[in-house]
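Fold and contact review
Letter by letter, the chains look like this.
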Amino acid sequence: MAHSKPCKLALIQLAVSADKDANLANARTHVLEAASKGANLIVLPECFNSPYGTGYFPEYAETLADGPSVKSLSAMAKDAKAYLIGGSIPERDPTDEKIYNTCTVYNPEGKLIATHRKVHLFDIDVPGKIRFQESETLTAGRQLTHVDTDFGKIGVGICYDIRFPEPAMIAARQGCFAMIYPGAFNLTTGPLHWELLQRARAVDNQMYVAACSPARDLKASYHAWGHSTVVGPAGNVIETMDENQGIIYADLDLSAMAEFRQSIPLNTQRRFDLYADVSKAQP
């Protein structure tokens, strides 16, 4: 797995308000801070530019071609001289007016190099706890996303995408060394599954997994779990945090990942004579 330089990851757990301009300014401050500490792969949370909720998505949605968030994220990446995984924003497609939950990715020159539209929409109903239906206003994406960087290939998913093992399996088998998930689990599913799912995706695929949440705001209509986390290829938690605004950092060591894969050689031991290789079934 060729890579030319070390990868220092930063996850920024942002406090999000109803003021889009303030959210973008807050993101910029933290992105530049992370870069000043040596981070060259910087991640923002899901829905970092607007409150999280089906009622907010249409109001805050913007096009990727000329929306303020994309312009702002591009400038952040360029000024930080870092790869930026821009969390996610509500995106309006001008061709059909559909709204997507979209992650945009930028290189250190500020060029938009990938977009990931959330593939699995968060439609849940836990009796007596939480009901949330993203499909009331959002449309699901139709492709998996792998991004080429100076460090190697990275897979991108958004929040609920992490519950489905196949995208991470496909990414790992197609050469990605990490899966990055901007996400916003809630206070019901967060304590149960947030860390567990990251560790599961990591240990199954012997790859790095990171999930970046907004900070918790109990005055907002949706209460994010927080606890942005980085997990290593052995399924070990490398870094994590509480529910407040802040930044965590982790060095992603591809040689250590290769060593671990060699010590437990899942790649050469799979029995594709007995079950399908999901990474081969792609159109």
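Keep in mind that what you see is a predicted model, and the values were worked out from it rather than measured.

Things to note about the pattern of salt bridges
Applying the stated rule across the entire model yields 14 salt bridges. Ionic pairing is found between Lys20 and Glu62, a salt bridge with its closest N-O pair at 2.5 Å. With Lys20 in helix α1 (residues 20–36) and Glu62 in the loop between α2 (57–60) and α3 (68–80), this residue pair connects regions lying 42 residues apart in the sequence. Take Lys20 and Glu62: they sit in the same class, and that class is buried. Shared partners join several salt bridges into a network, and the residues in it are Glu46, Lys118 and Glu134.

A short note on α3
With 13 residues, α3 should cover 18 Å at 1.5 Å per step; its first-to-last C-alpha distance of 18 Å lies within 8% of that length. When α3 is considered as a whole, its buried residues turn out to be Ser69, Val70, Ser72, Leu73, Met76, Ala77 and Ala80. All buried residues of α3 lie within an arc of 165° about the axis, which places them on one face of the element. Opposite the buried face of α3, by more than 90 degrees, sit the exposed residues Lys71 and Lys78. Packed against the buried residues of α3 are α1, β2 (41–43), β3 (83–85), β4 (89–92) and β5 (99–106). The first or second residue beyond α3 is Lys81, which carries a positive phi of 55°.

Points about the side chain of Thr102
Relative to the helices and strands, Thr102 resides in strand β5. Take Thr102: its relative accessible area is 1%, and that puts it in the buried class. A polar contact of 2.6 Å, which involves the side chain of Thr102, links it to the side chain of Glu91. Not counting the four nearest positions on each side in its chain, Thr102 is found in contact with Leu64, Gly87, Ser88, Ile89, Glu91, Thr115, His116, Arg117 and Ile158.

Description of the sheet that holds strand β12 (residues 208–212)
Overall, mixed pairing links the six strands, which are arranged β9-β10-β11-β12-β13-β14 in an open sheet. In the strand order of this sheet, the two ends are held by β9 (145–148) and β14 (237–240), each with one partner. Taking each pair of neighbouring strands and ignoring which way they run, the sheet shows an average axis angle of 20°. Across three bridges, the pairing between strand β13 (residues 229–231) and β14 is antiparallel. Counterpart to Val230 in the pairing with β14 is Glu239.

Examining empty space enclosed by the protein
Applying the stated criterion to the full structure yields one cavity of 30 Å³ or more. Taken as a whole, the largest cavity encloses approximately 30 Å³ of empty space. Lining the largest cavity are His116, Val119, Leu144, Val156, Gly157, Asp161, Pro167, Met179 and Tyr181. Partitioned by chemical class, the residues of the lining of the largest cavity number six nonpolar, two polar and one charged.

Details of α1
Quick reminder: α-helices carry 3.6 residues per turn. Residues three or four places apart thus point the same way. With 17 residues, α1 extends 24 Å from end C-alpha to end C-alpha; this agrees with the ideal 24 Å at 1.5 Å per step. Those residues of α1 not exposed but buried are Lys20, Asn23, Leu24, Asn26, Ala27, His30, Val31 and Ala34. In an axial view of α1, the angular spread of the buried residues amounts to 160°, which keeps them on one side of the axis. Residues Asp21 and Ser36 are exposed on α1 and point more than 90 degrees away from its buried face. For α1, the secondary structure elements touched by its buried residues are β1 (7–13), β2, α2, α3, β3 and β15 (246–252). The N-capping residue of α1, defined by a side-chain oxygen 3.1 Å from the backbone nitrogen of Asp21, is Asp19. Looking at the residues trailing α1, positive phi occurs at Gly38, about 100°.

Quick notes on the rules
- Residues numbered from 1 in each chain as written.
- Predicted model: local features only at pLDDT ≥ 70, side-chain atom pairs only at ≥ 80, totals over all residues.
- Heavy atoms only, no water.
- Salt bridge = Lys/Arg side-chain N within 4 Å of Asp/Glu carboxyl O.
- Helix = DSSP H or I, 4+ residues; strand = E, 2+ residues; numbered from the N terminus.
- Buried < 20%, exposed > 50% of the residue type's maximum accessible area, 1.4 Å probe, protein only.
- Expected span 1.5 Å × (residues − 1).
- Arc of directions from axis to C-beta.
- Contact = heavy atoms within 4.5 Å.
- Polar contact = N/O pair within 3.5 Å; in protein donor to acceptor, adjacent residues only side chain to side chain.
- Pairing = 2+ DSSP bridges.
- Axes fitted to C-alpha atoms, helices over the stretch in contact; angles between N-to-C directions.
- 1 Å grid on protein atoms, 1.4 Å probe; cavity = no way out; pocket = protein on both sides within 12 Å on 5 of 7 lines; lining within 4 Å.
- Points joined across faces, edges and corners; volume = space filled by probe spheres on them.
- Nonpolar A, V, L, I, M, F, W, Y, C, P; charged D, E, K, R; others polar.

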